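Examination of the molecular architecture
Each chain, letter by letter, is given below.
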Amino acid sequence: MADTRQLVGVEVRSNIRAVRATFSHVTEQVESKATVRALNRALDQSATEVSKRVREVYNLKHRAVLKAMRKLRANRNRLRAVIEIRGSRIGLIEFDAHWTRNMRGASIREKISGGRKTIAHSFIATIRSGRFAGYRGVAVREGHERYLIRFLRGISLPTAFREKTVLEAVRKVARESFMKNFKQQIIHLGQARIDAAL
């Protein structure tokens, strides 16, 4: 599927250039170490922002967003930190699904700004055996056989991340966090070198 993966990266070189003039006296070793630390802190803060912003739009649990994220941390050989967001469409059970036998169908609330909607003829079922035993979801019956059902799904996390407000907010946090942490690490590591020399 075309929307199963979305990547977020923090570009190092353009960010460093803006603060190099202020810290022109630092060694290459200090700069490299400060860059790696700042990138990885920015990565963690960006991941938190991804979850926060997605959940401001979509009615999802924090664990569901975290499950779709993979963090690729920076090191001295790769001065780039990346959040990888992947996943297929999310089961409707994750959208605060409710169902009782006297309802016309299961109800869900997909977006924070919207109300609940009922999916006609749907119900909540749990697979009792086989490879997917224990899976619980919103389902509908397929054909005339009683036990033939299909579980329903909504958006994917990569699609949710592509919301303009989400993407812009995360990039802003990544950029600002890197700049702040890079400056702090330059000062901290520079002081550590002075102390070690005394």
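1. Some remarks on the overall build of the protein chain
When you go through the protein chain residue by residue, the secondary structure sums to five helices and ten strands. Across the 198 residues of the protein chain, 40% fall into the buried class. Contacts in the protein chain between residues far apart in sequence, at least 24 positions, make up 63% of those at least 6 positions apart. Split by element, the accessible area of the protein chain, about 12500 Å² in all, is 49% carbon and sulfur.

2. Digging into the pattern of salt bridges
This model, assessed by the stated rule, comprises eleven salt bridges. What emerges from the salt-bridge pattern is a single network uniting Asp 44, Lys 71 and Arg 73.

3. Some details on the sheet that holds strand 8 (residues 136–141)
The strand order across the open sheet built from three strands is 7-8-9, with neighbouring strands paired in antiparallel fashion. This sheet does not close on itself; its edge strands, each paired only once, are strand 7 (123–126) and strand 9 (149–151). Sheet twist, expressed as the average angle between the axes of neighbouring strands with direction ignored, equals 55 degrees. Relative to strand 9, strand 8 is paired through three bridges, and the arrangement is antiparallel. Residue pairing in the sheet places Arg 141 in a bridge with Ile 149 of strand 9.

4. Description of the confidence of the model for the protein chain
Scored by pLDDT, the protein chain comes out at a mean of 82, with 82% of its residues at no less than 70. Here strand 1 (residues 5–10) is the element of the protein chain with the lowest mean pLDDT, 53, and strand 5 (residues 105–108) is the one with the highest, 96. Across residues 194–198 the pLDDT falls below 50, and counting only partners more than four positions away or on other chains, this stretch makes zero contacts in the model.

5. Some details on the nonpolar core
In this structure, Val 50, Val 54, Leu 60, Val 138 and Leu 157 are the most contacted members of the largest nonpolar core, which totals 42 residues. Counting residues per element, the ones that place at least two in this core are helix 2 (28–57), strand 3 (81–86), strand 5, strand 8, helix 4 (157–161) and helix 5 (164–197). Among the elements that take part in this core, helix 2 stands out by supplying ten residues, more than any other.

6. Details of the packing of aromatic side chains
Each aromatic ring pair is summarised here by two numbers: the centre-to-centre distance and the angle between the ring planes. Enumeration over the complete set of coordinates arrives at three aromatic pairs. Considering the side-chain rings of Trp 99 and Phe 123, the 6.1 Å spacing of their centres and the 55 degrees angle between planes classify their relative orientation as tilted. Taken together, the residues Trp 99 in the loop between strand 4 (89–91) and strand 5 and Phe 123 in strand 7 connect sequence positions 24 residues apart. By relative accessible area, which is 25% here, Trp 99 ends up partly exposed. With centroids separated by 5.6 Å and ring planes inclined at 20 degrees, the aromatic side chains of Phe 178 and Phe 182 adopt a geometry described as stacked. Of this pair, Phe 178 and Phe 182 both sit in helix 5, four residues apart, roughly one helical turn.

The rules behind these values
- Residues numbered from 1 in each chain as written.
- Predicted model: local features only at pLDDT ≥ 70, side-chain atom pairs only at ≥ 80, totals over all residues.
- Heavy atoms only, no water.
- Helix = DSSP H or I, 4+ residues; strand = E, 2+ residues; numbered from the N terminus.
- Buried < 20%, exposed > 50% of the residue type's maximum accessible area, 1.4 Å probe, protein only.
- Contact = heavy atoms within 4.5 Å.
- Areas by Shrake-Rupley, 256 points an atom, 1.4 Å probe, with all protein chains shown as cover.
- Salt bridge = Lys/Arg side-chain N within 4 Å of Asp/Glu carboxyl O.
- Pairing = 2+ DSSP bridges.
- Axes fitted to C-alpha atoms, helices over the stretch in contact; angles between N-to-C directions.
- pLDDT = per-residue confidence, 0-100.
- Core = buried A, V, L, I, M, F, W, Y, C linked by side-chain atoms within 4.5 Å.
- Phe/Tyr/Trp six-rings, centres within 6.5 Å; stacked < 30°, edge-to-face > 60°.

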